[in-house]
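Structural description and commentary
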Amino acid sequence: MALLQFLPLFLHVCLLSWSAWAKVELTMHESVEVYLGDSAKIACQYSFTDASSEPSFVMIQWFVRAVGNSSRMRIFYGDGSQQTVDNNTDYTGRIEVTSDQQGTQLIIQDVQLHDEREFFCQVNGLAAGNAEGKTHLRVFAPPEAPVIEGVLSGISVTNEVPSKVASCEARNGFPKPNITWYKNNTPLMSAPGHVNVLILVTRESSGFYSVQSTLEYKVMKDDKDAHFSCEVSFFVPGAIRTVESNSINITVHYPTTMVELWKESPQGLVKEGDTVELRCQGDGNPPPPFIFNREQEPDVELESSGDVLMLPPVSRKDSGIYQCRPLDIDSHSDVKGEMQLTVHYLDPAVVVPKDSEVMLKGEDLTATCNALSSLKTSTAWYKDGKQVGTGNTLHLTDANYDTSGEYICEVTVPSLPALHTSGSVHIIVQGGPQLVGAEQEVQLTEATGRMVNLSCEVQGHPQPSISWNIIGSQNWQEVVNKATEHMTHSVVSVKVTSDISAVCNASNDMGTEVKAFSIKAIPRVTSAAPFSPAEGSGVIIVVIILCLLLLAVLGSVLYFLHKKGKIPCGRSGKQEISTKEKTTKDDIVVEMKTNTKNEEAVLLKAVNGDKKGPNDQ
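Residues numbered from 1 in each chain as written. Predicted model: local features only at pLDDT ≥ 70, side-chain atom pairs only at ≥ 80, totals over all residues. Heavy atoms only, no water.

**Section: the overall build of the protein**
The helix and strand tally for the protein stands at two helices and 48 strands. Taken over 617 residues, the protein has a buried fraction of 35%. Summarising the internal contacts of the protein: among those between residues at least 6 apart in sequence, 62% fall at separations of at least 24. (Helix = DSSP H or I, 4+ residues; strand = E, 2+ residues; numbered from the N terminus. Buried < 20%, exposed > 50% of the residue type's maximum accessible area, 1.4 Å probe, protein only. Contact = heavy atoms within 4.5 Å.)

Listed below in structure tokens is the structure:
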């Protein structure tokens, strides 16, 4: 066994002595790249320059040397008769060598990280000479996806040096991966005082590399919307690949440079009695608290809550310029927001004449209605729910009693309908009594014994009084007596016993008015069943109509019988009732005689042959 172990070395020494007469050429790749865990194939191609001296015996040996180490170790040797894998090496049981006329190939199974070494191929061709080549086996393991973590706390733009923004880590890669930072998809390059990248590389016990990169960056206000990301790049067989992390947004703290103040509610114009909400907002981050005041009173701080100022039901005195200022320490003292608040109002309407006004019949009157407002107003006049005028002035001409009443003026604000007010004036038209209705004399005809109601209604101011003077009847009484401010109404019930004269006297301090009634009494028609003249007239008409209808029906029947020959003309004394114009011997004739002295009843007679009438016998 010991001799066999040194046999290849002995042959190698012998072959060197013949190298001067033969030459072999060998070709190998500079490097072979393979993924971790895959199989690596390292080719070694050789040929002999002198075909006539090509040896029949060729010995091939494979050696390996770690990177940076000068010593090497054989892992395989073989010739045309035998092939042997050396024992007790890292490649025992993992390698396989194939050979043909063009060369030999080393196959390494399940490549590991420590297999990244130099592999040597040595060819000995006895007298043909020998040659040696090497290939560097490179192993690649892609790292895990990069993990990025941003700084949770805010970063202030007032920091004078770059601040830590985020960290990025790529783990378990081989060879060492690289990390590049991006802001809004633009690579960030190191720049003193602005961008600084710190790299920490760790070699794990497994042989993998883990790389951690920290980005230090001097933030600006515009970076509040920026997105940062990192990208890991790593080698793979024949290429370079990259994997990008998620993007993150950082919190940037910056002072307030601009403030805006506006009215949150109510929407539209503000009127007295509204609750007003003012809101203040600045461009600083984090949003600072604010203080509120009025320009007229700059030293008086208004009670507020954060960025909101609530004004309770406001009045016109609350109008003015309101201001708000931020309280963050980095803000400039002159940064403020302001707005003009106008509280609109509408005073109660003032009507002239006030309350009530007395005017004489036929007079003219002008009434005015005004209400002080901060906005343009519109005025309309109403009486009894109907519009009687527009504008601030109402003209009443040639007054009469219909002019009397309450006039209401309504003042509205078209641009702010919620503002409205009203006032009124009561117009009283003074004058003597005036009859309601054109008739001053009324003539009636009534049956005696009936009760008649006489009505008298007059207008006037002061309130007229009514008295009655009735001649011709002692049986009467007043059944209605009602009065209002401008009208008096009286009704008397009079029993007609004879012709009656009645006079209604209406009077007040301004004059007197008279209305006369003349009642003609007519005798009352008696009947078995008492009924009123109106009812009697109706009954007579109905009776006449029924009689006419009966006569019309009877005339129609007689005319029809005459046309049929049932009633012969020119006969007298007897009437014949028969069912046929000609009778036979078996006919039975019924004969009624109306001119016999003895008032004979009915004669029944049976005859043979034709029958003659009584006048023919």
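From this point on, the discussion continues.
**Quick notes on the state of the cysteines**
As enumerated under the stated definition, the model contains five disulfides in all. Across the disulfide, cysteine 168 is cross-linked to cysteine 230 (sulfur-sulfur distance 2.0 Å). Around the S-S axis, the bridge from cysteine 168 to cysteine 230 shows a dihedral of about 65 degrees and counts as right-handed. Separated by 62 residues along the polypeptide, cysteine 168 in strand E13 (residues 163-173) and cysteine 230 in strand E18 (residues 227-236) bring together distant segments of the chain. Linked covalently through their sulfurs, cysteine 280 and cysteine 324 form a disulfide whose S-S length is 2.0 Å. Across the S-S bond of cysteine 280 and cysteine 324 the torsion is about 65 degrees, and the bridge reads as right-handed. Of this pair, cysteine 280 sits in strand E24 (residues 276-282) while cysteine 324 sits in strand E28 (residues 320-326), and the two are 44 residues apart along the sequence. In this structure, cysteine 280 and cysteine 324 share a single accessibility class: buried. (Disulfide = S-S within 2.5 Å.)

**Looking at the nonpolar core**
Within the largest apolar cluster, 31 residues are counted, with the highest numbers of intra-cluster contacts made by Trp62, Ile75, Leu106, Ile108 and Phe119. Contributing elements (two or more residues each) for this core: strand E2 (31-35), strand E3 (40-48), strand E4 (59-65), strand E5 (73-78), strand E7 (95-99), strand E8 (103-108), strand E9 (118-124) and strand E10 (130-140). No other element matches the five residues that E3 contributes to this core. With residues up to four places along the chain from it excluded, the contact list for isoleucine 75 reads Trp62, Phe63, Val64, Thr84, Val85, Asp86, Thr89, Tyr91, Ile95, Leu106 and Phe119. Of all hydrophobic cores here, the second largest spans 25 residues; its members include Ala170, Ile179, Val219 and Val236. (Core = buried A, V, L, I, M, F, W, Y, C linked by side-chain atoms within 4.5 Å.)

**So, the packing of aromatic side chains**
Across all of its chains, the model carries four aromatic pairs by this definition. Ring centres of tyrosine 91 and phenylalanine 119 lie 5.5 Å apart, and the angle between their planes is 75 degrees; this geometry places the pair in the edge-to-face category. Pair noted here: tyrosine 91 is in the loop between strand E6 (83-85) and E7 and phenylalanine 119 is in strand E9, with a separation of 28 residues, a long-range link. A single burial state applies to tyrosine 91 and to phenylalanine 119, both of which are buried. Directly above the aromatic system of phenylalanine 63 lies the positively charged group of arginine 72, at a separation of 4.8 Å from the ring centroid. Geometry around phenylalanine 120 places arginine 72 over its ring, the cationic atom sitting 4.8 Å from the centre. (Phe/Tyr/Trp six-rings, centres within 6.5 Å; stacked < 30°, edge-to-face > 60°. Lys NZ or Arg CZ within 6 Å of the ring centre and 35° of its normal.)

**Observations regarding the confidence of the model for the protein**
Confidence in the prediction of the protein, expressed as mean pLDDT, is 84, and 82% of residues score 70 or more. Contacts from residues 9-21, a stretch scored under 50 in pLDDT, to residues over four places away or in other chains number 13 contacts. pLDDT under 50 marks residues 528-536. Its contacts with residues more than four places away, or in other chains, come to one contact. (pLDDT = per-residue confidence, 0-100.)

**Here we look at the pattern of salt bridges**
Scanning the entire structure with this criterion turns up 21 salt bridges. For lysine 271, the salt bridge identified is with aspartate 274, shortest N-O distance 2.9 Å. Measuring nitrogen to oxygen at the nearest pair gives 3.3 Å for the salt bridge that ties aspartate 384 to lysine 383. Via salt bridges that share partners, Glu264, Glu277, Arg279 and Asp307 belong to a single interconnected network. (Salt bridge = Lys/Arg side-chain N within 4 Å of Asp/Glu carboxyl O.)

**Some thoughts on the sheet that holds strand E17 (residues 209-217)**
The four strands lie next to each other as E11-E13-E17-E16, forming an open sheet whose pairing is antiparallel. Among the strands making up the open sheet, the edge pair consists of strand E11 (147-150) and strand E16 (195-203). Sheet twist, expressed as the mean angle between neighbouring strand axes with direction ignored, is 15 degrees. Pairing of E13 with E17 involves eight bridges; the strand directions are antiparallel. From the neighbouring strand, glutamate 169 faces E17, where its bridge partner is glutamine 212. (Pairing = 2+ DSSP bridges. Axes fitted to C-alpha atoms, helices over the stretch in contact; angles between N-to-C directions.)

**So, unusual backbone geometry**
Serine 265 connects to proline 266 through a cis peptide bond whose omega is 0 degrees. Considering the arrangement of structural elements, one finds proline 266 in the loop between strand E22 (259-265) and strand E23 (270-271). Residue proline 353 is bonded to the preceding valine 352 through a cis peptide linkage, with omega at 5 degrees. By the element assignment, proline 353 lies in the loop between strand E31 (350-352) and strand E32 (355-360).

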